[in-house]
Amino acid sequence: MIQLPTGIQLQEKTLAFLAKTQHLFMGGEWTAPAEGQYFPTLNPANAEVLAEIPLATSPDIDQAVAAARHAFQNHWHPKIKPAKRSQLIHKLADLMQRDLPILMELETLDNGKPLNKAKYDVLGAINHFRYYAGWATKIEGTTIPVDGHKLVYTLREPLGVVGLIIPWNFPLMMAAWKLAPALACGNCCVLKPAEQTPLSALYLCNLIQEAGFPAGVVNVVTGPGVPTGEAISQHMDIDKVSFTGSTVVGRKIMTAAASSNLKKVSLELGGKSPNVIFADADLKAVSQSALWSSFYNTGQECTLGSRLYVERPVYEEFITKLKEQAEQLSIGNGLTNPDLGPVVSQKQLDRVLNYIQVGQNEGAELITGGERCTGALSDGYFLHPTIFGHTNDDLQVVQEEIFGPVVVVSPFDKPEEAISRANHTRYGLAAAVWTQDISKAHRFAQATQAGTVWINGYDLFDPAVPFGGHKESGIGAEMGRSAIDLYTQEKSVWVNLK
Ligand code: ADP
């Protein structure tokens, strides 16, 4: 029996899904794990066990990969034509739209996020599938003029079997970011959701089946990084791994790829993104945006502006406002639509609390927050939004990705100082600048070492716009045309016309 806040009810279909025994999804069949092991997935709002999830080990991964390979060779590219692939992806999007309330509830229960934010995620995932459904019929090669009497053209072909390893912060959206382009390009997939949030991916398998995808085109295996994720990254018959998660695990995946079959790897990793506010910015717009770019998804988003730099003349005013707004954010069970839900797990809670302690030890000024929530929220993994002031960019809390509701803020005096401090990080995922001076804004955008720069805005995304990390934030860009490169390979064909 799921514990619910007073007055809240779940959809019948959500309850029915949670009540049934969960299986792995391989070759179009629901299968028990080879070694018979299961692990619990918890509701971070109250630590209640939501379901027991199958733990896939090496023999299961072999079976999923074999099913994907078989589907690739017999039932998918090039047998199923691009227009049909497009139709299937659209159908999946239709079914997700139909089951929107169930998918939202599963995301909220498993991840903790507010229901209205989960809605935004599911709609984003649907959009993503629709955008790439359009691409399926538009993947073209080129003809190349060369010396002599010859014709040269290129073909863009799918890679084959791709392993997709995703994190827990936006479970369904991250699945869509990878599944949609991989399928549109004609690949077969082995998807592993994060062990903290497997429910929405398992539910999605029902919709994949109902949409009519041939068996084995999408396989979903559940389990932790080791052994499940590791078995994917080490597999000899997986052609590519696409990973989103921490930089630490990204390195392990590259090592595993290098020491197995040199599978291709694309990585979307951590960030510690600078959000730079000049004194001439529209401060009203900035302070609302900075609140959300600091604490959205309870700080568990790789692009968040977790390093704020504010020009000195407006620093005090800005901080006072940010503190006031942070203290007013409502915190609670995601099903009641608060501003912030819990962090995802006890492990994440401990990690964030540890960083808060480190920040205090190394002399950062605790402006607000810094504690776990007590009273009615003490069963879940709830934290007060936390702001640290500092003047030293080498502090651990300024350099390392915390992945929780913690933002560090510092004043600056000169534009060049803002740029060099913004770039003083091993990460390069995103950055933002706020100013009314367009030259200053564009100079900043050009000088910043980041894959995405927002001017007078934050966290703007569209499936059509490439998104990837510079420096240690990743390899390869997802979204837009860029993802087509990630899930295809080029073949050059020479025709000797003599
Ligand atoms: P976090 O630290 O935020 O939990 P991770 O980077 O550890 O994020 O996890 C992201 C995804 O990577 C999850 O699906 C997780 O199970 C998986 N993962 C973790 N360790 C490994 C590993 N050694 N090999 C492959 N996948 C892994």
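The structure under discussion appears in the preceding block.
Residues numbered from 1 in each chain as written. Predicted model: local features only at pLDDT ≥ 70, side-chain atom pairs only at ≥ 80, totals over all residues. Heavy atoms only, no water.

(A) Spotlight on the nonpolar core. Among the nonpolar cores identified, the biggest contains 105 residues, and Leu92, Met96, Phe129, Leu179, Leu183 and Phe213 are the most heavily contacted of them. It is helix α6 (residues 171-184) that provides the largest number of residues to this core, a total of 11 residues. Composition of this core by domain shows at least three residues from each of domain 1 (12-269 + 474-492) and domain 2 (274-462). The contacts of leucine 92, once residues within four sequence positions are left out, are Phe129, Leu204, Leu207, Ile208, Ala211 and Phe213. The next biggest cluster of nonpolar side chains, apart from the first, holds 31 residues, and it includes Ala281, Val310, Tyr315 and Phe382. (Core = buried A, V, L, I, M, F, W, Y, C linked by side-chain atoms within 4.5 Å. Buried < 20%, exposed > 50% of the residue type's maximum accessible area, 1.4 Å probe, protein only. Helix = DSSP H or I, 4+ residues; strand = E, 2+ residues; numbered from the N terminus. Domains from an automatic or database assignment. Contact = heavy atoms within 4.5 Å.)

(B) Region of the structure containing the site of the ligand. Near the ligand lie 20 residues; those nearest to it are Ile166, Trp168, Lys192, Glu195 and Ser246. A distance of 2.8 Å separates an oxygen atom of the ligand from a polar atom in the backbone of isoleucine 166. In this structure, glycine 225 approaches the ligand through a main-chain N or O atom, which is 3.2 Å from an oxygen atom. When the free accessible area of the ligand is taken as 560 Å², the share hidden by the protein chains comes to 85%. Where the shell around the ligand is concerned, the elements lending two or more residues are α8 (225-233), β10 (240-244) and α9 (247-259). No other element matches the four residues that α8 contributes to the shell around the ligand. Residues of the shell around the ligand, tallied by class, amount to 10 nonpolar, six polar and four charged. (Near = heavy atom within 4 Å. Polar contact = N/O pair within 3.5 Å; in protein donor to acceptor, adjacent residues only side chain to side chain. Areas by Shrake-Rupley, 256 points an atom, 1.4 Å probe, with all protein chains shown as cover. Nonpolar A, V, L, I, M, F, W, Y, C, P; charged D, E, K, R; others polar.)

(C) Broad picture of the sheet that holds strand β5 (residues 143-144). Pairing within the open sheet is antiparallel, and its three strands lie in the order β5-β6-β24. The sheet is open, and its two borders are formed by β5 and β24 (488-496), each paired with just one other strand. Here strand β6 (residues 150-158) pairs with β24 via nine bridges, running antiparallel. From the neighbouring strand, tyrosine 153 faces β24, where its bridge partner is valine 493. (Pairing = 2+ DSSP bridges.)

(D) Layout of the packing of aromatic side chains. This structure, assessed with the given rule, holds 12 aromatic pairs. Ring geometry for tryptophan 454 and tyrosine 458: centres 4.7 Å apart, planes at 45 degrees, overall tilted. Judged by its relative accessible area of 5%, tryptophan 454 is buried. The class for tyrosine 458 is buried, based on a relative accessible area of 8%. Ring geometry for tryptophan 454 against phenylalanine 461: centres 5.9 Å apart, planes inclined by 70 degrees, an arrangement best described as edge-to-face. Overall, the relative accessible area of 34% leaves phenylalanine 461 in the partly exposed class. Site record: aromatic cluster; members linked through ring pairs are Trp177, Trp454, Tyr458, Phe461 and Phe467. The ring centre of tryptophan 30 lies 4.8 Å from the NZ or CZ of lysine 20, which sits over that ring. (Phe/Tyr/Trp six-rings, centres within 6.5 Å; stacked < 30°, edge-to-face > 60°. Lys NZ or Arg CZ within 6 Å of the ring centre and 35° of its normal.)

(E) Spatial organisation of the sheet that holds strand β15 (residues 386-389). A sheet is described by the order of its strands in space; here seven strands give the open sequence β14-β15-β16-β13-β12-β18-β19, paired in mixed fashion. The open sheet has two edge strands with one neighbour each: β14 (365-368) and β19 (452-455). Averaged over neighbouring strand pairs, the angle between their axes works out to 20 degrees when direction is ignored. Here β14 runs beside β15; their pairing, made up of three bridges, is antiparallel. By the bridge assignment, glutamate 365 is partnered in β15 with glycine 389. Set on the sheet, helix α11 (residues 312-328) makes contact with β12 (274-277), β13 (307-311), β14, β15 and β16 (406-412); between it and β13 the angle comes to about 135 degrees. The strands that helix α14 (residues 415-422) touches are β12, β13 and β16; relative to β16, the one it contacts most, it runs at about 150 degrees. (Axes fitted to C-alpha atoms, helices over the stretch in contact; angles between N-to-C directions.)

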